[in-house]
Amino acid sequence: MRNWLLSLFFILVYWPLQAQNADSVKPESSRVVQQNPAPQRTGTDTARRVIRKPAVKKDSTRTVIHKVDSAALAKDTVKLKADSLAVAAPPKVLPPTPYEIYLKELAQKNDFLKPGRPRFVDTNPVRQYKDLDWLIYLMSGVLLLLSIIRLSYRKYFADLFRAFLNPTLSQRQLKDQLSQAPFPNFLMNAFFVIALGVYLYLVLFRMQIFPQAEPWLLIPGLIMMVGLIYGAKFIVLRFCGWLFGNSELADAYVFILYLINKVLGILLVPFLVILAFCKPTIADTFLYISIFFIVLLVVYRYIRSYSLVKQYLSFSKLHFFLYLCAFEVAPVLILIKVLQNIWLTGNP
């Protein structure tokens, strides 16, 4: 009974107090929610209007950007117009230079520059540049060949110049001394042919005859021509000596002829170097000097030949002169005439 009374007291007194304390402990947010209930669906339209306001702001910024771009384009167009005006503007006229003033005064004072005077146009063709490095190797080869012969056959060189400088020695003694060395004799004859062929090419080159000719064709052709001329002369002289029964006289004349030719080949070496590498003025001067020495040696050969032939045969000077004109001078003149025709007309 007592327990029932305590439980009833608890229900009636203590439970309401606990409920009141629990209400006082609840948070403020829940109180606010209870005081301000949630709005109804009728407020959604106003919320949507508030949300549309940022879109209006974006459009306004875009219009501002478009205004800025239009201003920049306007500035660019102004700059382009200014540039076009600067390009189209005529250049400034510079004052005349002292050189131009001098030319004007010269044209006014000089009678040959005044209008109405005849004018002469230079029509000389411009020559093409040619590489002449091969000429160095050619001259080096000629000098090398002569030095090899000179160092290999010293005694032959001494006998050669001894026979040339001493015409009073007996002809048989000189022939015997030089005939003991047939190979250097052949080498010296070959060197004379090469030296004379190269000399003829350099003469044509300096005088601008056949300027378009190829050297690798012209030089061997000239060397072969010289070799054929002197080879044919050797055969003809030997044949004439056998035909007329004077083989000894023919041998003596051939010996003098080739002796002078060997000395001439050695003498032409310094002139070859000068004609190949010196300036035109110096080369032209030494060209005439070389021609003088060639003519001098040819005259010396005829003098020695005349004194030699006089010992074997009796003939007049007129016959000897006719022989020189027919067999010595005429072939040279014919060759010069042919070369002139080829040079002037281009046809042989």
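Computed from a predicted structure; not experimentally measured.

Basis of the calculations
- Residues numbered from 1 in each chain as written.
- Predicted model: local features only at pLDDT ≥ 70, side-chain atom pairs only at ≥ 80, totals over all residues.
- Heavy atoms only, no water.
- Salt bridge = Lys/Arg side-chain N within 4 Å of Asp/Glu carboxyl O.
- Helix = DSSP H or I, 4+ residues; strand = E, 2+ residues; numbered from the N terminus.
- Buried < 20%, exposed > 50% of the residue type's maximum accessible area, 1.4 Å probe, protein only.
- Phe/Tyr/Trp six-rings, centres within 6.5 Å; stacked < 30°, edge-to-face > 60°.
- Core = buried A, V, L, I, M, F, W, Y, C linked by side-chain atoms within 4.5 Å.
- Contact = heavy atoms within 4.5 Å.
- pLDDT = per-residue confidence, 0-100.
- Expected span 1.5 Å × (residues − 1).
- Bend = angle between axes of the 7 residues up to and from the residue.
- Axes fitted to C-alpha atoms, helices over the stretch in contact; angles between N-to-C directions.
- Parallel < 35°, antiparallel > 145°, perpendicular 65-115°, else oblique.
- Left-handed = near helix turned anticlockwise from the far one by under 90°.
- Polar contact = N/O pair within 3.5 Å; in protein donor to acceptor, adjacent residues only side chain to side chain.
- Arc of directions from axis to C-beta.

Caption draft 1: Expanded view of the pattern of salt bridges. Counting across every chain of the model gives 2 salt bridges. Across the pair K155 and D159 runs a salt bridge whose closest N-O atoms are separated by 3.1 Å. With K155 and D159 both in helix α6 (residues 154-165) and 4 residues apart, this pair spans about one turn of that helix. Relative accessible area serves as the criterion here: at 10%, D159 is assigned to the buried category. Between D251 and R238 there is a salt bridge, with its nearest N and O atoms 2.9 Å apart. Here the residue D251 occupies a position in helix α10 (residues 247-277), and R238 occupies one in helix α9 (residues 215-243), the gap between them amounting to 13 residues.

Caption draft 2: Focus on the packing of aromatic side chains. Enumeration over the complete set of coordinates arrives at 10 aromatic pairs. Measuring from ring centre to ring centre gives 6.5 Å for F271 and F286, while their planes differ by 55 degrees; the resulting arrangement is tilted. With F271 in helix α10 and F286 in helix α11 (residues 280-312), this pair connects stretches of sequence that are 15 residues apart. When its relative accessible area of 9% is taken as the criterion, F271 is described as buried. An angle of 70 degrees between the planes, with centres 5.8 Å apart, marks the rings of F292 and F293 as edge-to-face. Linked through ring pairs, F271, F286, F292 and F293 together constitute an aromatic cluster.

Caption draft 3: Highlighting the nonpolar core. In terms of nonpolar packing, the biggest core is built from 57 residues, with L196, Y199, L202 and L272 touching the most fellow members. For this core, the leading source of residues is α10, giving 17 residues. Not counting residues within four places of it along the chain, the set of residues in contact with L202 comprises L135, M139, L272, L275 and A276.

Caption draft 4: Structural context of the confidence of the model for the chain. When pLDDT is averaged along the chain, the result is 74; 64% of the residues meet or exceed 70. Mean pLDDT across the elements of the chain ranges from a minimum in helix α2 (residues 28-35), with 43, to a maximum in helix α5 (residues 133-152), with 92. Across residues 23-66, confidence stays below pLDDT 50; counting only partners more than four residues off in sequence or on other chains, it has 4 contacts.

Caption draft 5: Structural detail: α10. For α10, with 31 residues, the first-to-last C-alpha span of 45 Å sits near the 45 Å given by 1.5 Å per residue. The sharpest bend along α10 reaches about 35 degrees and sits at V269, with the proline P270 one to four residues further on. Judged by how many residues are buried, α10 sits mostly within the fold: 24 of 31 residues are covered.

Caption draft 6: Structural context of the packing of α5 against α10. Interaxial distance between α5 and α10 falls to 11 Å at its minimum, and their mutual angle equals 165 degrees. Between α5 and α10, the angle falls in the class roughly antiparallel. In the crossing of α5 with α10, the sense of the turn from one axis to the other is left-handed. Contacts from L135, I136, M139, V142, L143 and L146 of α5 reach α10 at I266, V269, L272, V273, A276 and F277.

Caption draft 7: Main features of the environment of R206. Considering the arrangement of structural elements, one finds R206 in helix α8 (residues 182-206). Once the C-alpha coordinates of R206 and A276 are considered, the two residues, 70 residues apart in sequence, prove to be 8.8 Å apart. Here L275 takes part through its backbone oxygen, which lies 2.7 Å from a polar atom of the side chain of R206. From its side chain, R206 meets the backbone oxygen of C278 in a polar contact 2.9 Å long.

Caption draft 8: Main features of the side chain of N261. As for its placement among the helices and strands, N261 is situated in helix α10. Residue contacts for N261: discarding those within four places in its chain leaves F192, Y230 and R301.

Caption draft 9: Summary view of the packing of α5 against α8. Direction vectors running N to C along α5 and α8 enclose 155 degrees, while the axes themselves pass 11 Å from each other. Between α5 and α8, the angle falls in the class roughly antiparallel. Crossing hand, α5 versus α8: left-handed. Residues W134, L135, L138, M139, V142, L145, L146 and I149 of α5 form the contact with α8, whose participating residues are L187, M188, F191, I194, V198, Y201 and L202.

Caption draft 10: Local environment of α6. With 12 residues, α6 extends 17 Å from end C-alpha to end C-alpha; this agrees with the ideal 16 Å at 1.5 Å per step. Looking only at α6, the buried set comprises Y156, F157, D159, L160, A163 and F164. Buried residues along α6 cover an arc of 165 degrees about the axis, so they all sit on one side. For α6, the exposed residues set more than 90 degrees away from the buried face come down to R154, K155 and L165.

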